[in-house]
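Understanding the architecture of this molecule
Here are the chains, one letter per residue:
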Amino acid sequence: MSELVSTGVEGLDSILTGGITERSTVLVSGNPGTGKSIFGIQYLHHGVSEHDERGVYVSFEEDEADIRGAAESVGFEGFDEMVDDGDIVILDKREMLRETDFSTAVDRLLDTVEDGEFDRLVLDSLSMFQLFFDAEQEKRTYLLKFSDILKANGLTSLLINEQGAVFPDTEVGLENFLTDGNIYFIQTPTDSGVNRYVWVAKMRKQDIDTDIFPMEIGQGGITVHERAGGFSMMGGSDDQPSF
Ligand SMILES: Nc1ncnc2c1ncn2[C@@H]1O[C@H](COP(=O)(O)OP(=O)(O)OP(=O)(O)O)[C@@H](O)[C@H]1O
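Conventions we followed
- Residues numbered from 1 in each chain as written.
- Predicted model: local features only at pLDDT ≥ 70, side-chain atom pairs only at ≥ 80, totals over all residues.
- Heavy atoms only, no water.
- Patch = residues over 30% accessible without salt bridge, like charges linked within 9 Å, V, L, I, M, F, W, Y side chains within 5 Å.
- Areas by Shrake-Rupley, 256 points an atom, 1.4 Å probe, with all protein chains shown as cover.
- Salt bridge = Lys/Arg side-chain N within 4 Å of Asp/Glu carboxyl O.
- Lys, Arg positive; Asp, Glu negative; His and termini not counted.
- Charge placed at Lys NZ, Arg CZ, Asp CG, Glu CD.
- Helix = DSSP H or I, 4+ residues; strand = E, 2+ residues; numbered from the N terminus.
- Core = buried A, V, L, I, M, F, W, Y, C linked by side-chain atoms within 4.5 Å.
- Buried < 20%, exposed > 50% of the residue type's maximum accessible area, 1.4 Å probe, protein only.
- Near = heavy atom within 4 Å.
- Polar contact = N/O pair within 3.5 Å; in protein donor to acceptor, adjacent residues only side chain to side chain.
- 1 Å grid on protein atoms, 1.4 Å probe; cavity = no way out; pocket = protein on both sides within 12 Å on 5 of 7 lines; lining within 4 Å.
- Points joined across faces, edges and corners; volume = space filled by probe spheres on them.
- Nonpolar A, V, L, I, M, F, W, Y, C, P; charged D, E, K, R; others polar.
- Contact = heavy atoms within 4.5 Å.
- Axes fitted to C-alpha atoms, helices over the stretch in contact; angles between N-to-C directions.
- Parallel < 35°, antiparallel > 145°, perpendicular 65-115°, else oblique.
- Left-handed = near helix turned anticlockwise from the far one by under 90°.

**Quick notes on a negative patch on the surface**
Together, Asp101, Asp107, Asp111, Glu114 and Asp115 line one region of the surface with negative charge. On the secondary structure map, Asp107 appears in helix α6 (residues 102–113).

So this is what it looks like as structure tokens:
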């Protein structure tokens, strides 16, 4: 049986009955500000601090200082040292977009992971990646090849997907089908801010809880509460999911 990789979010690991199957690629979708990047950083930080697993964070949109700043804002202790020591390697937008040629940028990423010394990868974001393909068939072939390379190098990967539509109007694209798992981060407005939720819609080969669970972002990162329900498109109520 495959090993399970702990996400670093206890409540989410419970929903996943232990974690993510190792060498999977998991799509993490959500609107802006729903916590996708923080989840990615938490996943890598947890890998190093609790499991001695090295990670790579690839960003097309932020530079290293932004990522270090996000880790600091939620109090991930020792994150800077992990980066300084090379336990977490950040390939940031300066690095990835140095060449205008997309395949050279991807080669740089593959060069980093192909020594097999990493266990976890976060790609922020897959949406950027996909902009380079016009034809669906080309996108499909590339995505499959890319995720095969990640798996072959022993990586369990989170591929972040910037979602335009507001939940429950999720856009279901090729990437939803071609990845092993789909996790959604959801936020609904309330009078005083937002209510946050997480939904694991799919995880191949795993028995998962497909309810929608409330979550919070604060010091220590993301916390998922192990009580289903509370989701409402109106926000602020304790009603059961309303769709
Ligand atoms: N220390 C903190 N305490 C509480 N909430 C925080 C803290 N730091 C960040 N947040 C919340 O997390 C949100 C940002 O999360 P994150 O950057 O992971 O979102 P995202 O889904 O990656 O967004 P985007 O797609 O725009 O990059 C902020 O909007 C803020 O509400």
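And the narrative resumes.
**Some points on the nonpolar core**
Leu12, Phe79, Val198 and Val224 are the most contacted members of the largest nonpolar core, which has 37 residues in total. One finds Met96, Met128, Phe133 and Leu155 within the second-largest nonpolar core, a separate group that totals 26 residues.

**Focus: the site of the ligand**
Not every one of the 14 residues close to the ligand is listed here, only the nearest: Gly33, Lys36, Ser37, Ile38 and Ser73. Backbone polar atom of Gly35 to an oxygen atom of the ligand: 3.1 Å apart, as the coordinates give it. In this structure, Ser73 approaches the ligand through a main-chain N or O atom, which is 2.8 Å from a nitrogen atom. Relative to its free-state accessible area of 650 Å², the ligand is covered by the protein chains to the extent of 63%.

**Regarding the layout of surface pockets**
Counted as a void, the largest pocket has a volume near 180 Å³. The element best represented in the lining of the largest pocket is helix α2 (residues 36–51), accounting for three residues. Here the residues of the lining of the largest pocket sort into three nonpolar, five polar and five charged. In this structure, the second largest pocket encloses a volume near 150 Å³. Every residue along the wall of the second largest pocket is listed here: Ser127, Gln130, Leu131, Lys139, Asn161, Glu162, Gln163, Glu171, Val172, Gly173 and Glu175. Broken down by class, the residue content of the lining of the second largest pocket amounts to two nonpolar, five polar and four charged.

**So, the side chain of Arg68**
Along the polypeptide, Arg68 turns up in helix α3 (residues 64–73). A distance of 2.8 Å separates a polar atom in the side chain of Arg68 from a polar atom in the side chain of Asp84. When neighbours within four sequence positions are excluded, Arg68 is seen to be in contact with Phe79, Asp80, Val83 and Asp84.

**Digging into the packing of α6 against helix α8 (residues 136–152)**
As a packed pair, α6 and α8 sit with axes 12 Å apart at the nearest point and diverge in direction by 20°. It follows that α6 is roughly parallel to α8 by the angle criterion. α8 is crossed by α6, and the crossing has right-handed handedness. Of α8, the residues touching α6 (which contributes Phe102, Val106, Leu109 and Leu110) are Tyr142, Phe146 and Ile149. For the contact of α6 with α8, the residue count by class is seven nonpolar, no polar and no charged.

**Concerning empty space enclosed by the protein**
By the definition in use, this model includes one cavity of 30 Å³ or more. If you add up the space inside the largest cavity, you get close to 60 Å³. Looking at the largest cavity, the residues that line it are Gly30, Asn31, Gln163, Val166, Phe167, Tyr184, Phe185, Ile186, Gln187 and Met233. The residue makeup of the lining of the largest cavity, split by class, is six nonpolar, four polar and no charged.

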